[in-house]
Amino acid sequence: MKKTIITLLILIFSLEGIGQISYRTRYQKAIFLETFAVSPIFSLNMDHAVNRRMKSFTDIRYGIGFVPGSKNLNKFGWSDNGVSLPMSVTQNILVNNLKRRIKQRVSLKCKSTPSKISIEWFAEVGAAYTPVFYGISEPRHNFSGIIGLRQQVVFDIPPKPKVIFLKLQYTPKYYKGSFSWNPITGSTNIFGMSLGFSI
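On a predicted model such as this, the values are computed, not experimentally measured, just so you know. (Residues numbered from 1 in each chain as written. Predicted model: local features only at pLDDT ≥ 70, side-chain atom pairs only at ≥ 80, totals over all residues. Heavy atoms only, no water.)

**Considering the pattern of salt bridges**
Next, step 1: Within the structure shown, the criterion is met by four salt bridges.
Next, step 2: One salt bridge in this structure joins Asp 59 and Arg 150, with 3.7 Å as the shortest N-O distance. Of this pair, Asp 59 sits in strand S3 (residues 56-67) while Arg 150 sits in strand S9 (residues 140-155), placing them 91 residues apart in sequence.
Next, step 3: Linking Glu 124 and Arg 150 is a salt bridge whose minimum nitrogen-to-oxygen distance equals 3.6 Å. Of this pair, Glu 124 sits in strand S8 (residues 117-134) while Arg 150 sits in strand S9, and the two are 26 residues apart along the sequence.
Next, step 4: Judged by relative accessible area, Glu 124 falls into the buried class, the value being 2%. (Salt bridge = Lys/Arg side-chain N within 4 Å of Asp/Glu carboxyl O. Helix = DSSP H or I, 4+ residues; strand = E, 2+ residues; numbered from the N terminus. Buried < 20%, exposed > 50% of the residue type's maximum accessible area, 1.4 Å probe, protein only.)

So, in structure tokens, the structure goes:
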């Protein structure tokens, strides 16, 4: 009985340790640049990872972007420049083998120092809302779906890991009662990419 209890305690603490290592790679805040996707041209964004779990996390982002308008010059430059305010919520699900990577990092039998750099891949799915405000025309309200792939490079540097990530996204849009999902016949900015780092 005593051995069983000791074994269970060791197992619980081991799992807790593995969980802490995996959760440490889920940053809380990040900043990133996005081009096309939901921006719709480019934007600077703040990123918050919530509900951080071993194999998934929820991502909430908001930002501000620039949308060029018509090229008729006036004394202030382009006459109908716009500002976008992209907002989105996505769920990110790990697609590479986290368990094997964690075991390699915490194994006491390793003969050399574990690598300080690791790579994680996430499938991303979610939705976005982006109002765009123009200087001389009515605001636009864009709604988008998000299907993407995220690569995170984790640098395990105390006191907390640093993360650099790259996202590639397909973002079909809904605007004025119609969907734009085909880059040949519809919108050309339904694909985009982002580059960011944790802060």
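**Concerning the side chain of Asn 92**
Next, step 1: Locating Asn 92 in the fold gives a position in strand S7 (residues 87-94).
Next, step 2: For Asn 92, the side chain forms a polar contact with the side chain of Thr 90, separated by 3.4 Å.
Next, step 3: Those residues in contact with Asn 92 that lie beyond four places of it in its chain are Lys 55, Ser 56, Phe 57, Asp 59, Phe 122, Ala 123, Glu 124 and Arg 150. (Polar contact = N/O pair within 3.5 Å; in protein donor to acceptor, adjacent residues only side chain to side chain. Contact = heavy atoms within 4.5 Å.)

**Observations regarding the packing of aromatic side chains**
Next, step 1: Across all of its chains, the model carries eight aromatic pairs by this definition.
Next, step 2: Between Tyr 27 and Phe 165, the aromatic rings sit 5.8 Å apart at their centres with planes inclined by 10°, giving stacked as the arrangement. You can see Tyr 27 sitting in the loop between helix H1 (2-24) and strand S1 (29-36) and its partner Phe 165 sitting in strand S10 (residues 162-170), a full 138 residues away along the chain. In this structure, Tyr 27 and Phe 165 share a single accessibility class: buried.
Next, step 3: An angle of 75° between the planes, with centres 5.2 Å apart, marks the rings of Phe 57 and Phe 122 as edge-to-face. (Phe/Tyr/Trp six-rings, centres within 6.5 Å; stacked < 30°, edge-to-face > 60°.)

**Observations regarding the pairing of strand S2 (residues 42-50)**
Next, step 1: In this structure, S1 lies alongside S2, joined through seven bridges in antiparallel fashion. Looking at the pairing, Leu 33 lines up with Leu 44 of S2.
Next, step 2: A loop of five residues connects S1 with S2, the two strands running antiparallel in sequence, and Ala 37 in this loop sits at a positive phi of about 55°.
Next, step 3: Taken together, the nine bridges between S2 and S3 define a ladder with antiparallel strand orientation. The residue bridging Ala 49 from the neighbouring strand is Asp 59, located in S3. (Pairing = 2+ DSSP bridges.)

**Considerations on a nonpolar patch on the surface**
Next, step 1: Judged by side-chain polarity, Tyr 62, Ile 64, Val 83, Leu 85, Met 87 and Phe 133 come together as a nonpolar surface patch covering roughly 500 Å² of accessible area.
Next, step 2: Structurally, the position occupied by Leu 85 is in the loop between strand S6 (82-84) and S7.
Next, step 3: The class of Leu 85 is partly exposed, set by a relative accessible area of 31%. (Patch = residues over 30% accessible without salt bridge, like charges linked within 9 Å, V, L, I, M, F, W, Y side chains within 5 Å. Areas by Shrake-Rupley, 256 points an atom, 1.4 Å probe, with all protein chains shown as cover.)

**Quick notes on the confidence of the model for the chain**
Next, step 1: Summing up the model confidence of the chain, the mean pLDDT is 79 and the portion of residues at 70 or higher is 70%.
Next, step 2: Note that residues 8-21 has pLDDT below 50 and, in this model, five contacts with residues that lie over four places away or in other chains. (pLDDT = per-residue confidence, 0-100.)

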